[in-house]
Amino acid sequence: MKKNLLAILTALAITASYFLLTAVSPEMTLGIKATLLAVLATVFYVLFAALLKKD
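Reading the values: rules and limits
- Residues numbered from 1 in each chain as written.
- Predicted model: local features only at pLDDT ≥ 70, side-chain atom pairs only at ≥ 80, totals over all residues.
- Heavy atoms only, no water.
- Helix = DSSP H or I, 4+ residues; strand = E, 2+ residues; numbered from the N terminus.
- Rg over C-alpha atoms; globule rule 2.2 N^0.38 Å.
- Buried < 20%, exposed > 50% of the residue type's maximum accessible area, 1.4 Å probe, protein only.
- Areas by Shrake-Rupley, 256 points an atom, 1.4 Å probe, with all protein chains shown as cover.
- Core = buried A, V, L, I, M, F, W, Y, C linked by side-chain atoms within 4.5 Å.
- Contact = heavy atoms within 4.5 Å.
- Phe/Tyr/Trp six-rings, centres within 6.5 Å; stacked < 30°, edge-to-face > 60°.
- Lys, Arg positive; Asp, Glu negative; His and termini not counted.
- Salt bridge = Lys/Arg side-chain N within 4 Å of Asp/Glu carboxyl O.

1. Re the overall build of the protein chain
Within the protein chain one finds two helices and zero strands. Computed over C-alpha atoms, the radius of gyration of the protein chain comes to 13 Å, more than 25% over the 10 Å expected from 2.2 N^0.38 for 55 residues, which places it beyond the range of a compact globule. The principal-axis extents of the C-alpha atoms in the protein chain amount to approximately 40 × 15 × 15 Å. Looking at the protein chain residue by residue over its 55 residues, the buried ones come to 22%. In the form shown here, the protein chain has an accessible surface area of approximately 4200 Å², with 77% of it arising from carbon and sulfur atoms.

Okay, structure coming up:
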């Protein structure tokens, strides 16, 4: 159950980050966006895993 919740939270955060990056700077290239999203995905995954581990 926690793995599913972790995956859902991470996916929602990555999707929101993509739209935020697109809205803030639409001239950003796809390569830079992909790199930032990969970094953010790792950060969100670790953050949410730590938060879920506390429960």
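2. Overview of the nonpolar core
The biggest cluster of nonpolar side chains holds five residues, and these are Leu6, Ala13, Phe44, Phe48 and Leu52. Mapped by element, the contributors of at least two residues to this core are helix H1 (2-24) and helix H2 (30-54). Examining the composition of this core, we find that three residues originate from one element, H2, more than from any other. Discounting residues that sit within four places of it in the chain, Leu52 has contacts with Lys2, Leu5 and Leu6.

3. What to know about the packing of aromatic side chains
Note on aromatic pairs: each is described by the distance of the centres and the angle between the planes. Enumeration over the complete set of coordinates arrives at two aromatic pairs. Between Tyr18 and Phe19 the ring centres are 5.6 Å apart and the planes differ by 70 degrees, which places this aromatic pair in the edge-to-face class. What makes Phe19 exposed here is its relative accessible area of 55%. Measuring from ring centre to ring centre gives 6.0 Å for Phe44 and Phe48, while their planes differ by 15 degrees; the resulting arrangement is stacked. One end of the pair is Phe44 and the other is Phe48, both in helix H2 and four residues apart, which spans about a single turn. A single burial state applies to Phe44 and to Phe48, both of which are buried.

4. Topic: the side chain of Lys33
Structurally, Lys33 is set in helix H2. Buried charged residue Lys33 carries no salt bridge. Nearest counter-charge: Glu27, at 8.9 Å. The residues contacting Lys33, other than those within four sequence positions of it, are Tyr18, Leu21, Thr22 and Met28.

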